[in-house]
Each structure stands twice: as structure tokens, then as C-alpha cells.
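Observations on the model geometry
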Amino acid sequence: MRDLRGWVFDLDGTLTVAQHDFPAIRRELGIPADQDILAYVASRPELERRQLGERLDAIELRLAAEVKAAAGAAELIRYLHQEGVRLGILTRNLRRVAEQSLSILGVNQCFAPEDILGREEALPKPHPDGILKLAERWALAPTEMVMVGDFRFDLEAGRNAGCRTCLLQFDNVWPDLADWHMPDCHTLLGHLRPG
């Protein structure tokens with residue numbers, strides 16, 4: 001793990017405390033309970049898609065103002081930045097939500113602006129598009145990279161791109177998708193520090 005040269009992080013639930021109540025968002029937008037929010041919005045006719053998209057953007061921007069750092073997240077990012085590895089964000093959120101969240105965490109200077117990919121810059125996870133874009137920009141093979149996240153889509157995106165995966169969650173609910181499993185960023189940082 002210490003030899004990896006590119007680290008791609010999910011945002012909500014990974015670097016920040018999970019705050020998206022997806023069932024509530026579905027109810028607010030009138031999306032069926034069994035549907036993926038972004039896939040459902042993308043499937044709608046143009047006018048409805050645009051209206052739903054605007055409403056979803058407003059919800060995410062509202063939530064971004066209340067973001068809180070996950071345990072050890074800022075310290076982990078600063079450590080990796082000092083180690084000289086490439087750092088990226090791949091989120092199904094808006095890029096501006098990610099930028100605002102990173103600023104609140106105090107680590108926005110650790111990420112090149114072009115390495116923060118939201119749903120406008122890359123196809124949503126589990127599609128590997130964002131990871132592959134970062135690999136190309138960084139001139140790294142996906143095998144030199146890791147996708148770190150808290151949900152199946154993060155791990156599937158990593159697998160689909162051919163990179164390593166790290167699940168940050170108390171329960172290892174997708175053992176076949178995660179190369180590493182840690183309960184949180186604090187534990188991951190302890191694993192990376194020598195000694």
C-alpha cells in the first residue's frame with residue numbers, strides 16, 4: 001500500500017461524515033425507492049431531467065454547508081500530500097460541493113483543481129471513467145493507484161478501472177471488492193506511517 005503513487009478518494013462518507021440521507025432525497029425528488037438517483041435523473045425526458053438536476057444540485061449545496069471531517073481525514077490527506085503522491089477526488093456529487101467540502105476540511109490546497117472530479121467531469125461511479133482520466137493525467141498505470149471509498153460503487157469503479165481498492169467502513173460488507181478494509185481514515189493513516 002505504501003508503494004501506491006495515486007490515491008483517489010470518494011468524498012461523502014469517506015473524507016467527510018456521511019450526511020446524505022438518500023431515501024429522504026429520493027422522497028423529496030419523487031424518485032422511486034429502489035432507483036439509483038443519478039441513473040433515474042439521467043433517464044428522464046430533457047425538461048424533467050433538467051428540473052430534477054437543479055433540485056438535486058440545490059440539496060447537495062445545502063448539505064455541503066454542514067459538512068464535517070471524518071475521523072483522521074485531514075491528517076491522512078496532509079500525510080499523503082507530504083509523501084508526494086498524486087491525490088484526486090472522484091464523487092457522484094457536484095465538483096463545487098467537493099471543493100467547498102475540501103475547503104471546510106482545510107485540505108483543498110492538497111488537490112490540484114483539475115484532479116477534483118464530480119459528476120460533470122466524469123461518468124458516475126461505478127463507471128471507471130474518472131479513475132481512468134486521473135490515471136492518464138498523472139501518467140500512472142491503474143495498478144499504481146487505489147480507489148478509497150465507503151460504498152460498493154467506489155469499489156466497483158476501482159475494480160472496473162483495474163486499480164486497487166480500499167473500503168473505509170466498520171463492516172467489510174464487500175470483501176470480494178476490497179483489497180484493503182479499514183474502519184476509518186485514522187486507522188488507514190496508522191497503517192501507512194512507518195513504524
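One can find the structure itself at the top, above this paragraph.
So, a few notes on the structure that sits alongside this text. Please read these numbers as outputs of a predicted model, since none were measured by experiment. Each chain has its residues counted from 1, running along the sequence as written. Side-chain atom pairs in this predicted model are given and counted only at pLDDT of 80 or more, local residue features only at pLDDT of at least 70, and totals for whole chains, interfaces and linings cover all residues. Side-chain metrics in this entry use all non-hydrogen atoms of the structure; hydrogen atoms and water are not considered.

Inter-axis angles, ranging from 0 to 180 degrees, are taken between N-to-C directions of lines fitted to C-alpha atoms, where helices are fitted over the stretch in contact. By the criteria applied, helices consist of DSSP H or I runs no shorter than four residues and strands consist of E runs no shorter than two, each listed in order from the N terminus. Between helix 1 (residues 22-29) and helix 3 (residues 46-64), the least distance of the axes is 11 Å, while the angle of their chain directions is 140°. When the axis of helix 1 is compared with that of helix 3, the two are oblique. In the packing of helix 1 onto helix 3, the handedness of the crossing is right-handed. Mapping the contact onto sequence places Ile-25, Glu-28 and Leu-29 in helix 1 and Leu-52, Arg-55, Leu-56, Ile-59 and Arg-62 in helix 3. When the residues that make up the contact of helix 1 with helix 3 are grouped by side-chain class, the tally is five nonpolar, no polar and three charged. Every angle not falling under 35 degrees, over 145, or within 65 to 115 is termed oblique; those three ranges are roughly parallel, roughly antiparallel and roughly perpendicular. Here a crossing is taken to be left-handed if its near helix is turned anticlockwise relative to the far helix by less than a right angle, and right-handed if that turn runs clockwise. Any two residues whose heavy atoms approach within 4.5 Å at even a single point are treated as in contact. The classification used treats Ala, Val, Leu, Ile, Met, Phe, Trp, Tyr, Cys and Pro as nonpolar, Asp, Glu, Lys and Arg as charged, and all other residues, Gly among them, as polar.

The next thing to look at is the pattern of salt bridges. We count a salt bridge whenever a side-chain nitrogen from Lys or Arg sits within 4 Å of a carboxyl oxygen from Asp or Glu. All chains considered together, the criterion is met by 16 salt bridges. Among the salt bridges present, the one from Asp-154 reaches Lys-125, with a minimum N-O distance of 2.6 Å. Pair noted here: Asp-154 is in helix 7 (residues 152-161) and Lys-125 is in the loop between strand 3 (116-117) and helix 6 (129-138), with a separation of 29 residues, a long-range link. The exposure class of Lys-125 is buried, given its relative accessible area of 2%. A salt bridge links Glu-156 to Arg-152, with the nearest nitrogen and oxygen atoms 3.2 Å apart. Exposure classes here rest on a 1.4 Å probe applied to the protein chains alone. A residue is buried below 20% of its type maximum, exposed above 50%, and partly exposed in between.

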